[in-house]
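# Per-entry structural report
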Amino acid sequence: MKLQEAYQNASLEFDHDKITFYESNRGRIWEVMMDWEKPIMKKIADLCVNEGDHVLECGFGMGILSDEIQAKNPASHTICENHKDIIPRLRSWAKDKSNVILHEDKWINLKDSGYSVILIDTYADDDLPKFKQFCEAKMNKGIISWWNHLCSDTHTMGWDNVKFYDMNVKPPKNAYYNYSIYKIPVKRI
C-alpha cells in the first residue's frame, strides 16, 4: 500500500503538539504535522500574504498556517482539505470566519481561480507533480510557496527563479524533517 493510501485510510491521532497515524503495513507511526513548524508557517505568511489577498491554502493540518494567514486579513481564504479526520476540525475552526471558503476535497479538483497567493503543505500527496500547472491555471500573477521537505534550494517544483529564505529550526526527531535549516521557497509569477 502506498503511503498516500495508508494516510487517507488512517485514523489520525491528534495531540497538543502533533498529528500522527499508525501504518500497520510498515508497523510504524508517522508524524503528519508538528507544532515545531510554527515559526516556518509564520514566516511563510509574512513573506507571501498581504491584507486583501485572495489566498488558496492546500492542506489545513493543525491550522498553524491558517491562523497566520487569517492574521493578515485576506479578502478571501480558500482552504482545501481531504482527510476525513481533519475536515471536522477545519469546519470548527472556520465557523466564525466569514472570509473562509472550504473545499473538502483534493486541491487538484478545485474549479475556482483568481488567487493572488497559493500555499501548499499537504501530506503524502501524489498530485504534487501537477502543482506548477495547477498554479499557472489558478492565477495570472501572484505568490506561491510550498513545503520544502528536501532542505534544498533545488526543490523548485519546476519553476525558474525561485527565491529561498533560510530559517534555523530545531525539529524533534520525526519521520518527515530532521534538518537544522529550513529553506522557504517563494515564487512570484
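Everything that follows concerns the structure shown earlier in this document.
These lines cover the structure that appears in this document, whether it is placed above or below. Since this is a predicted model, take the numbers as computed values, not measurements. (Residues numbered from 1 in each chain as written. Predicted model: local features only at pLDDT ≥ 70, side-chain atom pairs only at ≥ 80, totals over all residues. Heavy atoms only, no water.)

## Concerning the packing of aromatic side chains
The following threshold applies: Any Phe, Tyr or Trp ring, taking Trp's six-membered ring, that has another such ring centre within 6.5 Å forms a pair; planes under 30 degrees apart are called stacked, those over 60 apart edge-to-face, and the others tilted. Whether a charge lies above a ring is judged from NZ of Lys or CZ of Arg, which has to be within 6 Å of the ring centre and within 35 degrees of the ring normal.
Scanning all chains against the criterion turns up 16 aromatic pairs. Note on Tyr177 and Tyr179: the rings are 4.9 Å apart at their centroids and 70° apart in plane angle, and the pair reads as edge-to-face. Against the face of Phe14 rests Arg89, its NZ or CZ located 3.6 Å from the ring centre. The ring of Trp93 carries the charged tip of Lys97 above its face, separated from the ring centre by 4.4 Å.

## Brief notes about the pairing of strand β8 (residues 143-146)
Note the threshold: We call a residue buried when its accessible area falls under 20% of the maximum for its residue type, exposed when it is over 50%, and partly exposed in between, using a 1.4 Å probe and counting protein chains only. Counting from the N terminus, the helices are the DSSP runs of H or I reaching at least four residues and the strands are the DSSP runs of E reaching at least two. Think of it this way: DSSP has to see at least two bridges between two strands before they count as a pair. Orienting the strands away from the viewer, one traces the path from the first strand over the helix to the second; a clockwise path indicates a right-handed crossover.
Here β8 shows a buried face lined by Ile143 and Ser145 and a second buried face lined by Ile144 and Trp146. In the sheet, strand β7 (residues 117-120) pairs with β8 via four bridges, with the strands oriented parallel. Within β8, the residue paired with Val117 across the bridge is Ile143. Traced from β7 through helix α5 (residues 131-138) to β8, the parallel crossover comes out right-handed.

## Focus: the pattern of salt bridges
In plain terms, the rule: Salt bridges are defined by distance alone: a side-chain nitrogen of Lys or Arg within 4 Å of a carboxyl oxygen of Asp or Glu.
One pass over the structure, following the stated rule, counts ten salt bridges. Residue Asp96 pairs with Lys97 through a salt bridge whose shortest N-O separation is 3.2 Å. The exposure class assigned to Lys97 is partly exposed, which follows from its relative accessible area of 22%. With a shortest N-O distance of 3.6 Å, Lys130 and Asp127 are connected by a salt bridge.

## Things to note about the environment of Asp166
Operational definition: Between two residues, a contact is recorded if the distance between any of their heavy atoms is within 4.5 Å. We define a polar contact as two N or O atoms separated by no more than 3.5 Å, with the added condition that, inside protein, one atom must be a possible hydrogen donor and the other a possible acceptor, whereas residues neighbouring each other in sequence contribute only through side-chain atom pairs.
Position of Asp166 among the secondary structure elements: in strand β9 (residues 163-168). Sequence separation between Asp166 and Ile118 is 48 residues; the distance between their C-alpha atoms is 20 Å. Every residue in contact with Asp166, bar those within four places of it in the chain, is listed here: Ile181, Tyr182 and Lys183. Of the polar contacts made by the side chain of Asp166, one reaches the side chain of Lys183; its length is 3.1 Å.

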